[in-house]
Amino acid sequence: MKTRIASVCLALAALLPAVTHAAELKFGLGIADDHPLAVGARKFADLVKERSAGRLTIATYSSNRLGSDPQMQQALQAGVQQMMLGPPSNLVGVVRDFAIFDLPFTITNYQEADALLDGRTGALLFQKLEGAGLVGLAYWETGFREVTNSKRPIVRAEDLAGLKIRTMQSPVFLESFKALGANAIPMPFTEVYTALETRAIDAQENPVGIIQSAKINEVQKYLSLTNHVYNPSVVMASKKWWDGLSEADRGIVRGAAREVATFQRRLVREEAAKVLDQLKQNGMVINEIPASELALIRQKTLPVVRKYSEKLDPAVLAAAKHDLAEVPAGGKAQ
């Protein structure tokens, strides 16, 4: 009997390392489950599981189920959550240079976006991230941000004046909308729908996919295509967790994240026109802004761009200048 018990214990002990290694890895994102970012997250999880022969099993948690973006970011730094997907604005507090993606009207089309993300700029920003206890894996995409409101169509720069608009908790966003005469109010995204519904605020700004997935059209009538900021979404990992992986497993995770980046960005871009049609069918009034008026809006935000550009690492600005110079003249506009 003692021999049999000893044999069973040895067998169980042999299994323990495999069970521990295959523990569920948490991948958190703030976006709803039907958004292309969530679709990309599931594809990423599938690729990692397949390529690791099941040793790395990722569970995706959408709609802020693991907390807000800042809370998840802190969880990664503490090593209690493995991965997340978040906007660069939340990274500005740990790496100021991510503010380059908050500067209004600095990225005007998808070719420019890809050049920055996949070029020297994106790589340099990821290098800086490791000092904050985070590892950048890939840049995915939410798209160009647009303004919605319950008051009126935005067709001129003056139409933004006086609007109580929710922005991300980013000084660049706050000052940009203040420069346009709006009353900018920082607020976690989880509170936005209720604030719009109760008319505590008049407006918000987000890419169209988020506007649809968060059902903003239920509490906002007007959508104006301002394209004022391009938003990537950063796939990142906890450095504490990452440092414990083998080189082979790091290659699997990073490779899958970058492979999905190509798929996910294409999906967002293909879906954008369809989403606009659906929002229009659901009752939103959608308008473009004349180029002359958009130029005036851009002009009003230039002091903010200059102010915050001066705070960035000159090496990051030089990398961005190099990457943008690689974009062919007359590239396809957004």
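Residues numbered from 1 in each chain as written. Predicted model: local features only at pLDDT ≥ 70, side-chain atom pairs only at ≥ 80, totals over all residues. Heavy atoms only, no water.

Visitor: Explain the overall build of the protein to me, please; I cannot follow it from the model alone.
Guide: Assigned secondary structure in the protein consists of 12 helices and 10 strands. Here the protein has a C-alpha radius of gyration of 22 Å; the compact-globule value for 334 residues is 20 Å, and the two agree. For the protein, the C-alpha atoms occupy an extent of roughly 85 × 45 × 30 Å along the three principal directions. Split into buried and exposed, the 334 residues of the protein put 51% on the buried side. Across the protein, contacts joining residues at least 24 apart in sequence account for 76% of those joining residues at least 6 apart. Looking at the protein as shown, the accessible area adds up to about 15,200 Å², and 54% of this sits on carbon and sulfur atoms. (Helix = DSSP H or I, 4+ residues; strand = E, 2+ residues; numbered from the N terminus. Rg over C-alpha atoms; globule rule 2.2 N^0.38 Å. Buried < 20%, exposed > 50% of the residue type's maximum accessible area, 1.4 Å probe, protein only. Contact = heavy atoms within 4.5 Å. Areas by Shrake-Rupley, 256 points an atom, 1.4 Å probe, with all protein chains shown as cover.)

Visitor: Mind showing me how you'd approach the confidence of the model for the protein here?
Guide: Parts of the prediction with low pLDDT should not have their coordinates interpreted in detail. Counting all residues, the mean pLDDT for the protein is 92, and 92% of those residues have values of 70 or more. This stretch, residues 5-21, has a pLDDT under 50; its non-local contacts, to residues over four places away or in other chains, come to 3 contacts. (pLDDT = per-residue confidence, 0-100.)

Visitor: How do you make sense of the pattern of salt bridges when you look at a structure like this?
Guide: Where charged atoms from two side chains of opposite charge approach closely, those side chains can pair. The tally for this structure, following the rule as stated, stands at 16 salt bridges. Salt-bridge contacts for aspartate 114 lead to arginine 265; the nearest nitrogen and oxygen are separated by 2.9 Å. Within this pair, whereas aspartate 114 is found in helix 4 (residues 110-118), its partner arginine 265 is found in helix 10 (residues 247-281), the two being separated by 151 residues in sequence. Residue classification places aspartate 114 among the partly exposed positions, given a relative accessible area of 23%. By relative accessible area, which is 7% here, arginine 265 ends up buried. We note a salt bridge from aspartate 159 to arginine 156, for which the minimum N-O separation is 3.4 Å. (Salt bridge = Lys/Arg side-chain N within 4 Å of Asp/Glu carboxyl O.)

Visitor: Can you walk me through the layout of surface pockets in this structure?
Guide: Over the atoms rolls a probe the size of a water molecule, and in doing so it shows where empty space is left. What the second largest pocket holds in volume is close to 460 Å³. Looking at the lining of the second largest pocket, the element that brings in the most residues is strand 9 (residues 230-238), giving 3 residues. Taken together, the residues that form the lining of the second largest pocket break down as 13 nonpolar, 11 polar and 3 charged. (1 Å grid on protein atoms, 1.4 Å probe; cavity = no way out; pocket = protein on both sides within 12 Å on 5 of 7 lines; lining within 4 Å. Points joined across faces, edges and corners; volume = space filled by probe spheres on them. Nonpolar A, V, L, I, M, F, W, Y, C, P; charged D, E, K, R; others polar.)

Visitor: Looking at this model, I keep getting lost on helix 6 (residues 171-179). Mind explaining?
Guide: In an α-helix, one full turn covers 3.6 residues, which means residues spaced three or four apart are oriented alike. Those residues of helix 6 not exposed but buried are Val172, Phe173, Leu174, Ser176 and Phe177. Lining the buried residues of helix 6 we find strand 4 (134-149), strand 5 (164-167), strand 6 (183-186), strand 7 (203-207) and helix 11 (291-309). Of the residues trailing helix 6, glycine 181 is marked for its positive phi of about 90 degrees.

Visitor: Mind showing me how you'd approach the packing of helix 2 (residues 36-51) against helix 10 here?
Guide: Look at helix 2 against helix 10: their axes get within 9 Å of each other, and the N-to-C directions meet at 150 degrees. Compared by their axis directions, helix 2 and helix 10 come out roughly antiparallel. Remark: the crossing between helix 2 and helix 10 carries right-handed chirality. On helix 10, the residues that touch Pro36, Leu37, Val39, Gly40, Lys43, Phe44, Leu47, Val48 and Arg51 of helix 2 are Ile252, Val253, Gly255, Ala256, Ala257, Glu259, Val260, Phe263, Gln264, Leu267, Val268 and Glu271. (Axes fitted to C-alpha atoms, helices over the stretch in contact; angles between N-to-C directions. Parallel < 35°, antiparallel > 145°, perpendicular 65-115°, else oblique. Left-handed = near helix turned anticlockwise from the far one by under 90°.)

Visitor: Help me out: how do you make sense of helix 3 (residues 69-78) in this one?
Guide: By the burial criterion, the buried members of helix 3 are Asp69, Met72, Gln73, Ala75 and Leu76. One side of helix 3 carries all its buried residues, which in axial view fall inside an arc of 160 degrees. Where the residues of helix 3 are buried, they touch strand 1 (24-29), strand 3 (83-86), strand 4 and strand 9. Phi turns positive one or two residues past the end of helix 3, at glycine 79, with a value near 85 degrees. (Arc of directions from axis to C-beta.)

Visitor: Is there a simple way to think about empty space enclosed by the protein in this case?
Guide: Under the definition given, this model contains 1 cavity of 30 Å³ or more. What the largest cavity holds in volume is close to 110 Å³. The wall of the largest cavity is formed by 16 residues, among which Pro104, Phe105, Phe177, Leu180 and His228 lie closest to the centre. Secondary-structure elements contributing two or more residues to the lining of the largest cavity are helix 6 and helix 11. At 4 residues, helix 6 tops the list of elements feeding residues into the lining of the largest cavity.

Visitor: Got a minute to help me understand the nonpolar core in this structure?
Guide: Nonpolar side chains in soluble globular proteins tend to end up buried together. Core analysis: the largest hydrophobic core is formed by 33 residues, its most contacted members being Phe98 and Ile100. Residue assignment for this core shows that the elements contributing at least two residues are helix 3, helix 4, helix 5 (120-129), strand 4, strand 9, helix 11 and helix 12 (314-325). One finds Leu25, Ala38, Leu245 and Ala257 within the second-largest nonpolar core, a separate group that totals 31 residues. (Core = buried A, V, L, I, M, F, W, Y, C linked by side-chain atoms within 4.5 Å.)

Visitor: Looking at this structure, how should I read the packing of aromatic side chains?
Guide: Where two aromatic rings form a pair, the distance of their centres and the angle of their planes describe that pair. Taken as a whole, this structure holds 8 aromatic pairs when the rule is applied. Taking NZ or CZ as reference, lysine 43 lies 5.0 Å from the ring centre of phenylalanine 263, over its face. Stacked on the ring of tyrosine 308, the Lys or Arg lysine 311 has its end atom at 5.8 Å from the ring centre. (Phe/Tyr/Trp six-rings, centres within 6.5 Å; stacked < 30°, edge-to-face > 60°. Lys NZ or Arg CZ within 6 Å of the ring centre and 35° of its normal.)

Visitor: So what exactly am I meant to see when it comes to the environment of valine 80 here?
Guide: Considering the arrangement of structural elements, one finds valine 80 in the loop between helix 3 and strand 3. Residue classification places valine 80 among the exposed residues on the basis of a relative accessible area of 60%. The spacing of valine 80 and lysine 240 is 160 residues in sequence and 8.9 Å in space, taken between C-alpha atoms.

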